[in-house]
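Residues per chain are reported as follows:
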Amino acid sequence: MSFDLDDTIIPSSKIFPTEEQNWLLKILGIEKIRKGTITLFKKLRQQGHTIYIYTTSFRSSFKMLLTFRLYGIPVDRFINQTHHNQQLREHKNRTSKYPPAFGISIHIDDLPGVGMEGEQYNFRTIILDPEDINWIETVVLGLGKQMYPSV
Ligand SMILES: [Mg+2]
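The structure displayed is predicted, hence computed values, not measured ones.

Engineer: Sorry if this is basic, but what is going on with the pattern of salt bridges here?
Structural biologist: Should their charged atoms come close, side chains of opposite charge can pair. Applying the stated criterion across every chain yields a total of 6 salt bridges. Arginine 59 serves as the salt-bridge partner of glutamate 31, at 2.8 Å between the closest nitrogen and oxygen. Highlighted residues: glutamate 31 in the loop between α1 (23-27) and α2 (37-46) and arginine 59 in the loop between β2 (52-54) and α3 (61-70), separated in sequence by 28 residues. The exposure class assigned to arginine 59 is buried, which follows from its relative accessible area of 12%. What emerges from the salt-bridge pattern is a single network uniting Asp6, Glu31, Arg59 and Lys63.

Engineer: Any chance you could explain the nonpolar core here in plain terms?
Structural biologist: Within soluble globular proteins, side chains that are nonpolar generally end up buried alongside one another. In this structure, Phe3, Ile9, Phe41, Ile53, Phe68 and Val139 are the most contacted members of the largest nonpolar core, which totals 27 residues. The set of elements that each furnish at least two residues to this core consists of α2, α3, β4 (106-109) and α6 (135-147). Looking at which element gives the most residues to this core, the answer is α2, with 4 residues. Apart from residues lying up to four places away in sequence, isoleucine 53 is in contact with Phe3, Leu5, Phe41, Met64, Phe68, Val75, Arg77, Phe78 and Ile79. By size, the runner-up hydrophobic cluster in this structure holds 10 residues, among which are Tyr54, Ala101, Val114 and Phe123.

Engineer: Please clarify how the environment of proline 130 should be interpreted in this entry.
Structural biologist: With respect to the helices, strands and loops of the structure, proline 130 is situated in the loop between β5 (124-127) and α6. Residue proline 130 is classed as buried on the basis of its relative accessible area, which comes to 10%. In sequence terms proline 130 and glutamine 120 are 10 residues apart; their C-alpha atoms lie 23 Å from each other. For proline 130, the residues in contact, after removing those within four places along its chain, are Asp7, Lys14, Ile15, Phe16, Arg34 and Asp110.

Engineer: Help me understand the coordination of the magnesium ion in this model?
Structural biologist: A four-donor tetrahedral metal ideally has 109.5 degree angles, and a six-donor octahedral metal ideally has angles of 90 or 180 degrees. Surrounding the magnesium ion are the protein donor atoms Asp4 (OD), Asp6 (O) and Asp110 (OD), which sit 2.1 to 2.2 Å from the metal. Here the donor residues of the magnesium ion are spaced in sequence according to D-x1-D-x103-D. Taken as a pair, aspartate 4 in the loop between β1 (2-3) and α1 and aspartate 110 in the loop between β4 and α5 (112-121) lie far apart in primary sequence, 106 residues in all. Residue aspartate 4 is classed as buried on the basis of its relative accessible area of 4%. Taking relative accessible area as the criterion, aspartate 110 reaches 11% and is therefore assigned buried.

Parameters at a glance
Residues numbered from 1 in each chain as written. Predicted model: local features only at pLDDT ≥ 70, side-chain atom pairs only at ≥ 80, totals over all residues. Heavy atoms only, no water. Salt bridge = Lys/Arg side-chain N within 4 Å of Asp/Glu carboxyl O. Helix = DSSP H or I, 4+ residues; strand = E, 2+ residues; numbered from the N terminus. Buried < 20%, exposed > 50% of the residue type's maximum accessible area, 1.4 Å probe, protein only. Core = buried A, V, L, I, M, F, W, Y, C linked by side-chain atoms within 4.5 Å. Contact = heavy atoms within 4.5 Å. Donors = N, O, S within 2.8 Å, 3.2 Å for Na, K, Ca; no water.

Put into structure tokens, the structure is as follows:
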């Protein structure tokens, strides 16, 4: 599965509660992440899920790796806009995101447009409202549907 960053995990144009930052995270200017991300990612990993970050931003893999490492969160792969452009050149696809090109079975994002692309190009999404304080439950419920698809 993959998670979007801006306004899904990292507050960008929207505001939502974030995880506590220790002095090191503050000094290094590490971006804030949504409250509950640490618990959720650890739990997903324990359940055997592979976790990717899939962002249309140009944050470098190194910066993203550093961010998640410093929060102590496991992430298997980071996909940014550059990686997307390289991969999708081969697939000749015009969607803003195309998770199947990276072997991703379900993508979590804040943009309804990504959900519409999913319907059009046949990939599964969970669309999160940035104001959803029960977002973890929303993700878990969405994944449950993924495990037992209703045809
Ligand atoms: Mg977003």
